[in-house]
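Close look at the chain arrangement
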Amino acid sequence: MVRICYQNAKVFTGKNDRFEQGVDLIVDEDTGKFVTTKETIDQTIDLTGKYIMPGMINAHTHIVADPYGKIAALGSTDANAVNSTFLALENLQKLLKDGVTYIRDVGSVYGVDIELSKLEKQNRLFAPGIVASGNPLTMTGGHFNTGSYEVDGVDEVRKYARLLLKKGVDNIKLMATGGVSFNGETPDDVQLNTEEMRAAVEEAHHKGKTVCAHAQGLAGIKNAIRAGVNSVEHAVYLDDEAFEMFLKTATFIVPTLAAPWSINENSAALPDFMIQKNLEVAQSHIESIQKAAKAGVRLAMGTDAGTAFNSFEQNSSKEMELMTKAGVTNLQALQAATVNAARLLNVADKAGTIENGKLADFIVLEQNPLEDIQVLQKKKTVFKKGKKVQISDNYA
Ligand SMILES: [Zn+2]
């Protein structure tokens, strides 16, 4: 049994609202958890001048996808069980290096996220913890239909929700509207309706699991909230009634600002329909997230990693910067990536804060991200279940 004490750093535990001196972290390397100071300590590591925060949680990934489209882009017919698994294993390591120690995958194929989640829980796979959704549910011809189960009507939605739960998902992903990444639909298109989504919510909630909905247009967003989903993904167009609905139901927003940012940065390499739709949504998206943060809507960090040029290796820390540029405070961004995301993912009993008995998932930084959020993109050391990932010095 090896117990290591990391001392003298300033620590944001997720329970406090600033980096405080005098919080020593004691890690039991065998269990990979934080333990109390009463236990015997084998080794002490002095981190004077450093800043420690909980590992980041990314609530919106697609680990089976290649953002650069070389092996298998999201929804590509080139995807098969082997290359999807290969991509997922690579992408999980990239996420870890960026400081992400837990994810919610919201659209995988071949049950890759479900099976890797089990292996990670058994400590057979060194990777971020995974809340898996398996294949999303979409209407026939709906958003991401190449990688989803196509379902129509309440009974079919219920049937496939039950099938996903049988396979072992912790979350069900629904498509409430069209989107940017696929041709032939718009972000405003209403897709699964309230009654259909409510059937999935009932089935998931009966088993203590969660539901999230991809929803960009206003009507679809309201349908999803009325259906009782736990989070709305993207939330591009919001009006006053929508803000009230979010607040009243405590529904989360997962902004995924890295997705439109990535398309915009790489527009030369992308099809016209995607660039055009992206331009149409970008400004409203930023304004909606800004107003949501001001109104006190609960935010959880997510990037949509796996969409076009939306990288696993640095876009989680980039998303933190993009959120603050949209008007989210630095503290709200840190909470969105830690304590809030843990609540949304239903993993607050083991992740999201630095506390005795929880997983020793944490990041050591050179500077204070509450003063400059971009320090998350610079040199850092990441620990998952008490084990060091690596010192990332490939950042500027
Ligand atoms: Zn997505």
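This text follows the structure it describes.
Parameters and conventions
- Residues numbered from 1 in each chain as written.
- Predicted model: local features only at pLDDT ≥ 70, side-chain atom pairs only at ≥ 80, totals over all residues.
- Heavy atoms only, no water.
- Pairing = 2+ DSSP bridges.
- Helix = DSSP H or I, 4+ residues; strand = E, 2+ residues; numbered from the N terminus.
- Donors = N, O, S within 2.8 Å, 3.2 Å for Na, K, Ca; no water.
- Buried < 20%, exposed > 50% of the residue type's maximum accessible area, 1.4 Å probe, protein only.
- Phe/Tyr/Trp six-rings, centres within 6.5 Å; stacked < 30°, edge-to-face > 60°.
- Arc of directions from axis to C-beta.
- Contact = heavy atoms within 4.5 Å.
- 1 Å grid on protein atoms, 1.4 Å probe; cavity = no way out; pocket = protein on both sides within 12 Å on 5 of 7 lines; lining within 4 Å.
- Points joined across faces, edges and corners; volume = space filled by probe spheres on them.
- Nonpolar A, V, L, I, M, F, W, Y, C, P; charged D, E, K, R; others polar.

With that settled, consider the sheet that holds strand β4 (residues 33-34). Taken in spatial order, the 4 strands make up an open sheet running β4-β3-β1-β5, and their pairing is mixed. The open sheet terminates on both sides in strands that have one partner only, identified here as β4 and β5 (43-46). When strand β3 (residues 25-28) meets β4, the two strands line up antiparallel, connected through 2 bridges. For V27, the partnering residue across the bridge sits in β4 and is F34.

Below, the discussion takes up the coordination of the zinc ion. Those protein atoms acting as donors to the zinc ion are H60 (NE2), H62 (NE2) and D304 (OD), and they sit at 2.1 Å. Each donor residue of the zinc ion belongs to the same chain, and together they define the spacing H-x1-H-x241-D. Highlighted residues: H62 in the loop between β7 (56-61) and α1 (81-97) and D304 in the loop between α8 (272-295) and α9 (315-325), separated in sequence by 242 residues. Residues H62 and D304 agree in their burial class; the two are buried.

Quick look at the packing of aromatic side chains now. Under the definition given, this model contains 9 aromatic pairs. An aromatic cluster of at least three residues, connected via ring pairs, comprises Y6, F34, F362 and F383.

Once that is clear, we can look at unusual backbone geometry. Although it is not a glycine, H234 adopts a positive phi angle of roughly 85 degrees. Inspection of the secondary structure puts H234 in strand β14 (residues 231-234). You can call H234 buried: its relative accessible area is 4%. With a phi angle near 60 degrees, F309 is a residue other than glycine that sits in the positive phi range. Position of F309 among the secondary structure elements: in the loop between α8 and α9. Using a relative accessible area of 23% as the deciding quantity, one classes F309 as partly exposed.

Further remarks concern helix α10 (residues 330-337). Taken as a whole, α10 has its buried residues at N330, A333, L334, A336 and A337. Mapping the buried residues of α10 onto a view down its axis gives an arc of 160 degrees, with all of them on the same face. Each element contacted by the buried residues of α10 is listed here: β6 (51-54), β7, α9 and α11 (339-344).

By volume, the largest pocket is sized at about 230 Å³. When contributions to the lining of the largest pocket are tallied by element, the ones reaching two or more residues are α7 (258-265), α8 and α9. Ranked by residues supplied to the lining of the largest pocket, first place goes to α8 with 4 residues. For the lining of the largest pocket, the residue count by class is 8 nonpolar, 2 polar and 1 charged.

All told, the structure shown has 2 cavities of 30 Å³ or more when counted by the stated rule. Lining the largest cavity are 24 residues, and of these S181, H214, Q216, H234 and D304 sit closest to its centre. Listing elements by their share of the lining of the largest cavity, those giving two or more residues are β12 (171-175), α7 and α8. The calculated volume of the second largest cavity comes to roughly 30 Å³. Along the walls of the second largest cavity sit P54, G55, I57, T101, Y102, A351, G352 and D361, which together make up its complete lining. For the lining of the second largest cavity, the class distribution of residues is 4 nonpolar, 3 polar and 1 charged.

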